[in-house]
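# Structural overview for review
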Amino acid sequence: MSAEMEQHIARRRTFAIISHPDAGKTTLTEKLLLLGGAIHLAGSIKARKAKKFATSDWMELERERGISVTSSVLQFSYRGFAVNLLDTPGHQDFSEDTYRTLSAADAAVMLLDAAKGVEPQTIKLFQVCKLRGIPVFTFVNKLDRYGRPPLELMDEVEKVLGIACCPMNWPLGSGPEFRGVYDMRQKNLIVFRDNIFRDNKGGEPPIGERAVSLEEAEGEGLLCEGERDSLLEEVALLEGGGELFSAQAVREAKLSPLYFGSAMTQFGLRPFLDSFLELAPAPTGRHSTQGWIEPSREGFSGFVFKIQANMDPSHRDRMAFVRVVSGKYEKGMQVFCPRLQKEIRLANPSQLLAQERTAVEEAWPGDVLGFYDPGIWHIGDALVEGGDFSFEELPRFSPEHFVGVRAQNPLRRKQVEKGLEQLSEEGTVQVFERWRMGMKDPIVGVVGELQLEVLKFRMQHEYGADIVLERLNFSRARWVVGEKFEPSVFDWEGNRQTVQDRAGRPLVLFRDEWALEHAQNQHPELVFLPHAPMGAL
Ligand code: G4P
């Protein structure tokens, strides 16, 4: 490996923030970018949200509902590190897109609201990280408000998510009494630079922490009577009873470092980012059909983890987002696509640098490139220089909502077909056909119900076709595998139905968990898979 390559890999970090809506992900993202000097002024979150949503017409939907439906990638530099932050959609009714974005990350920051703790979406996203074995760093946010006791929050993470935590700092007070955090490794206090935080809601952000010893804090009147002793007692208890810090355990995803702070007042973010960049792994390799691919592999390789259509209405473009796994990307290079068994020239990629697309001349492992896609790429595609291998399949999650789709105007049928095909390639929806096809309408399955709204909206705005959705009374889908599988046996009307995916593999839709269990009991010789078997996409 060249020294240049080594340097680039060592100084890169690629991560995503996972959280339940309203925990403060937008705020944290914005403040992290600010620390990296990527945007000049934080401005109000709402202003930024509005700006972000203005980038595409179908994002009108997001604007209307005040939610983020899509996810983007931001790069900023901080203390010599190139940091790639993958932004995951934060609405509770989210899509597979979120899961897939995590496949491009090497670490995750799990953001919790101090008053709410672990929430449903946190659990779902954490499980995806766990499945992938990526390290999770926990940041408890909103300490400037009254929240739940820190010990209780730590306990909840450990019990509900089943991962040991190791506090890296410990808060001193909460709400209006929040004065800072005790740094468990440095054994000092980090306090607001001006000892105040309440005035920091508007105007220039303070970027303000400073470290003081406990004695100094007492001298400055930051600690009340007896508070020093009780803090030290609590710290001793944590050190005695808790998990010992181990950088290796963090990297192996066995231990989650726990931090407290407040994104809005920007308190604790700089120490957090310093510690995160030190502990988070540099870009890691990926499994492939030819074994483990190291980032230091000579030739370039990467995979498409996300496709997004019509990001810019004036160009009607489609972008394929590629995570670089190994080697160096150079503008205009030729790569091999194993699925197409074809060499393709990669032209004009762009990176999203703080929400603005900029042209990219080179990229390194861990980076994310957005390529203009004339419709050739599929999610999961590998791009390889000097080789012929594919990467481990990205998970497709079992849909839970199903509708029959038809064009309101039968003359727009072609547009509907084209739209469904593209949206299915993007991973917005999964499209199935009925087993006994006839002239029946296609069936669409989604993980989160919001995707149906997105489907309707995009069909209308991008493909000029109004569609009618007919709700189907199913909530479970299972790909069925087994030599003795006879699709027609399952094709009852009523509580189950056989369909096939776009690759022609049969799956059965069930009305509810009970109907699924019943079928499993009746057919112990068959395997019912919640995800498409290998070879899907
Ligand atoms: P999300 O992307 O995770 O959905 O959360 P977002 O950043 O939009 O934050 C949700 C709300 O929580 C916002 O308030 C935001 O100001 C607030 N918030 C984020 N971090 C902190 C923090 O450290 N302390 C406190 N007290 N609040 C925080 P909002 O009222 O919904 O929006 P806005 O009027 O403030 O823009």
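Calculation criteria
Residues numbered from 1 in each chain as written. Predicted model: local features only at pLDDT ≥ 70, side-chain atom pairs only at ≥ 80, totals over all residues. Heavy atoms only, no water. Near = heavy atom within 4 Å. Polar contact = N/O pair within 3.5 Å; in protein donor to acceptor, adjacent residues only side chain to side chain. Areas by Shrake-Rupley, 256 points an atom, 1.4 Å probe, with all protein chains shown as cover. Helix = DSSP H or I, 4+ residues; strand = E, 2+ residues; numbered from the N terminus. Contact = heavy atoms within 4.5 Å. Pairing = 2+ DSSP bridges. Axes fitted to C-alpha atoms, helices over the stretch in contact; angles between N-to-C directions. Buried < 20%, exposed > 50% of the residue type's maximum accessible area, 1.4 Å probe, protein only. Arc of directions from axis to C-beta. Parallel < 35°, antiparallel > 145°, perpendicular 65-115°, else oblique. Nonpolar A, V, L, I, M, F, W, Y, C, P; charged D, E, K, R; others polar. Phe/Tyr/Trp six-rings, centres within 6.5 Å; stacked < 30°, edge-to-face > 60°. pLDDT = per-residue confidence, 0-100.

## Re the site of the ligand
Near the ligand lie 17 residues; those nearest to it are Asp-22, Lys-25, Thr-26, Thr-27 and Asp-144. At a separation of 3.1 Å, an oxygen atom of the ligand approaches a polar side-chain atom of Asn-141. Here an oxygen atom of the ligand and a backbone polar atom of Met-264 are 3.0 Å apart. The protein chains hide 76% of the 710 Å² of surface that the ligand would expose on its own.

## Details of the side chain of Ser-275
Among the secondary structure elements, Ser-275 is positioned in helix α11 (residues 269–279). If we skip the residues at most four places from it in the chain, Ser-275 touches Met-168, Arg-185 and Tyr-259.

## Points about the sheet that holds strand β10 (residues 209–212)
Across the sheet, which stays open at both edges, the four strands sit in the order β7-β8-β9-β10 with antiparallel pairing between neighbours. The outermost strands of the open sheet, each flanked by one partner alone, are β7 (169–172) and β10. Each neighbouring strand pair of the sheet contributes to a mean axis angle of 30 degrees, computed without reference to strand direction. Relative to β10, strand β9 (residues 188–192) runs antiparallel, the two being bridged by four bridges.

## Some words on helix α15 (residues 513–522)
An α-helical turn contains 3.6 residues, so any two residues separated by three or four positions project in the same direction. Those residues of α15 lying buried are Ala-515, Leu-516 and Ala-519. Projected down its long axis, α15 carries its buried residues within an arc of 100 degrees, all on one side. In α15, the exposed residues that point more than 90 degrees away from the buried face are Trp-514 and Asn-521. Buried residues along α15 sit against β28 (476–481), α14 (487–490), β29 (496–500), β30 (506–510) and β31 (527–529).

## What about the environment of Val-128?
Inspection of the secondary structure assignment puts Val-128 in helix α6 (residues 120–132). Accessibility expressed as a relative area gives 5% for Val-128, which makes it buried. Through-space distance from the C-alpha of Val-128 to that of Thr-98 is 9.7 Å; in sequence the pair is 30 residues apart. Setting aside chain neighbours within four positions, we find Val-128 in contact with Tyr-99, Leu-102 and Phe-397.

## Section: the packing of helix α2 (residues 25–35) against α11
At their nearest, the axes of α2 and α11 sit 11 Å apart, and the two run at 80 degrees to each other. With respect to α11, the axis of α2 lies roughly perpendicular. The residues of α11 that touch α2, namely those facing Leu-28, Lys-31, Leu-32 and Leu-35, are Leu-269, Arg-270 and Leu-273. The class makeup of the residues in the contact of α2 with α11 is five nonpolar, no polar and two charged.

## Regarding the packing of aromatic side chains
Tallied over the entire structure, the rule returns 16 aromatic pairs. Considering the side-chain rings of Phe-303 and Phe-391, the 5.7 Å spacing of their centres and the 55 degrees angle between planes classify their relative orientation as tilted. With Phe-303 in strand β14 (residues 301–309) and Phe-391 in the loop between β23 (382–384) and β24 (401–407), this residue pair connects regions lying 88 residues apart in the sequence. Phe-391 shares its class with Phe-303; the two are buried. Among the aromatic side chains, those forming a connected cluster through ring pairs are Phe-15, Phe-137, Phe-139, Tyr-259, Phe-272 and Phe-276.

## A look at the confidence of the model for the protein chain
Mean pLDDT for the protein chain: 82, with 83% of residues reaching 70 or above. The lowest-confidence element of the protein chain is helix α3 (residues 45–53), averaging 39 in pLDDT; the highest-confidence one is strand β5 (residues 136–141), averaging 98. Here residues 39–59 is a poorly scored stretch, pLDDT under 50, and it has 54 contacts once near neighbours within four places are set aside; other chains count. Low pLDDT (under 50) marks residues 352–357, which in the prediction has 23 contacts with non-local residues, meaning those over four places away or in another chain.

## What to know about the environment of Phe-432
Tracing the chain through its elements places Phe-432 in strand β25 (residues 430–434). The contact partners of Phe-432, leaving out residues within four places of it in the chain, are Pro-399, Phe-402, Pro-442, Ile-443, Gly-445, Trp-479, Val-499, Gln-500, Asp-501 and Leu-507.

## Observations concerning the sheet that holds strand β1 (residues 12–19)
The strand order β2-β3-β1-β4-β5-β11-β6 describes an open sheet built from seven strands, whose pairing is mixed. Each having just a single partner strand, β2 (73–78) and β6 (164–167) make up the two edges of the open sheet. Ignoring which end each strand starts from, the neighbouring axes of this sheet average 30 degrees apart. As judged from the three bridges shared by β5 and strand β11 (residues 255–260), these two strands associate in the parallel manner. Within the sheet, the bridge partner assigned to Thr-138 lies in β11 and is Leu-258.

## Focus on the pairing of strand β8 (residues 180–183)
Where β7 meets β8, four bridges bridge the pair, whose relative direction is antiparallel. Across the sheet, the residue bridging to Trp-170 is Tyr-182, located in β8. Bridge analysis of β8 against β9 gives four bridges, and the strand direction is antiparallel. Looking across to β9, one finds that Val-181 is bridged to Ile-190. Hairpin geometry of β8 and β9 is characterised by an intervening segment of four residues between the two adjacent antiparallel strands and by a positive phi of about 60 degrees at Lys-187.

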